[in-house]
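An overview of the molecular structure
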Amino acid sequence: MVKPKPVAKPKPVAKPKPAAKPKEKLVDKTSRPIVIDATDHIAGRLSSNVAKLLLEGNRVTVVNSEKIMISGRKKNIVGEYKQFLKISSILHPKHGPFHPRKPDTIISRMIRGMLPRDKPSGKAALSRLRVYIGVPKNVKPLGKIQLEKTKIRKPSALYTSVGELGRNVGWN
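Moving on, we come to the overall build of the protein chain. Counting its regular elements, the protein chain contains five helices and six strands. Reading the protein chain from its N terminus to its C terminus gives the helix and strand order β-α-β-β-α-α-α-β-β-β-α. Taken over the C-alpha trace, the protein chain has a radius of gyration of 24 Å; the compact-globule value for 172 residues is 16 Å, which it surpasses by more than 25%. Each of the three principal axes of the protein chain carries a C-alpha extent, and together these read 90 × 45 × 40 Å. Across the 172 residues of the protein chain, 35% fall into the buried class. A separation threshold of at least 6 residues defines the contact pool for the protein chain, and within that pool the share at least 24 residues apart is 81%. Accessible surface, the protein chain as shown: approximately 12200 Å² in total, 57% of it carbon and sulfur. In the protein chain, 38 side chains carry a positive charge and 11 a negative one; their mean positions are 8 Å apart.

Below, the structure written as structure tokens:
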């Protein structure tokens, strides 16, 4: 007994794919740096956004680094950071590793961790970064921006500032 061949279903007509949306650049690459006022920004979110801007070729300056927030209880954050500070060379602690205590170096180290610093693109990106405590005179006339997606969303009492962290681990 011969089975009848199944009738082939007509292939559905392929719908044309929508044109890809052009990626919107946050800011154009210029000789002027992008100045970010980091007041009330979450540290990790800010760092990842700054790292992306640096890898795109922008010069980025972060001001008010002592006012950047880290989410969590102050006791936990300071305790974890003090544990981190205990890491040193067994043979000769003067040989490192060296742990940042100033807010600007804490943030620049955090951003450095998000860059491919072994590659030339990462090294070049890191050289375009500047982080300051407060607002220096040469940056005051430049327009400052705030990244809305990195701002804190809860009351500031639920966060610890990087300045507070620095004061608790030996800055000033």
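Continuing now.
The geometry of helix α1 (residues 43-55) relative to helix α3 (residues 103-112) is characterised by a closest axis approach of 9 Å and an angle of 60° between their N-to-C directions. The angle between the axes of α1 and α3 places the two elements in the oblique class. Helix-helix and strand crossings are classified by hand; for α1 and α3 the assignment is right-handed. Of the residues in α3, those touching α1 at A43, G44, S47, V50, A51 and L54 are I107, M110 and I111. Of the residues contributing to the contact of α1 with α3, the split by class is seven nonpolar, two polar and no charged.

What follows is about the pairing of strand β1 (residues 34-37). Both faces of β1 are covered, namely the face carrying I34 and I36 and the face carrying V35 and D37. Note that β1 and strand β2 (residues 60-63) share four bridges and pair parallel. Note that in β2 the partner of V35 across the bridge is T61. Crossover β1 to β2 through α1 is right-handed. Bridging between β1 and strand β5 (residues 144-145) involves two bridges; their strand directions are parallel.

Conventions we followed
Residues numbered from 1 in each chain as written. Predicted model: local features only at pLDDT ≥ 70, side-chain atom pairs only at ≥ 80, totals over all residues. Heavy atoms only, no water. Helix = DSSP H or I, 4+ residues; strand = E, 2+ residues; numbered from the N terminus. Rg over C-alpha atoms; globule rule 2.2 N^0.38 Å. Buried < 20%, exposed > 50% of the residue type's maximum accessible area, 1.4 Å probe, protein only. Contact = heavy atoms within 4.5 Å. Areas by Shrake-Rupley, 256 points an atom, 1.4 Å probe, with all protein chains shown as cover. Lys, Arg positive; Asp, Glu negative; His and termini not counted. Charge placed at Lys NZ, Arg CZ, Asp CG, Glu CD. Axes fitted to C-alpha atoms, helices over the stretch in contact; angles between N-to-C directions. Parallel < 35°, antiparallel > 145°, perpendicular 65-115°, else oblique. Left-handed = near helix turned anticlockwise from the far one by under 90°. Nonpolar A, V, L, I, M, F, W, Y, C, P; charged D, E, K, R; others polar. Pairing = 2+ DSSP bridges. Right-handed = clockwise from strand over helix to strand, strands pointing away.

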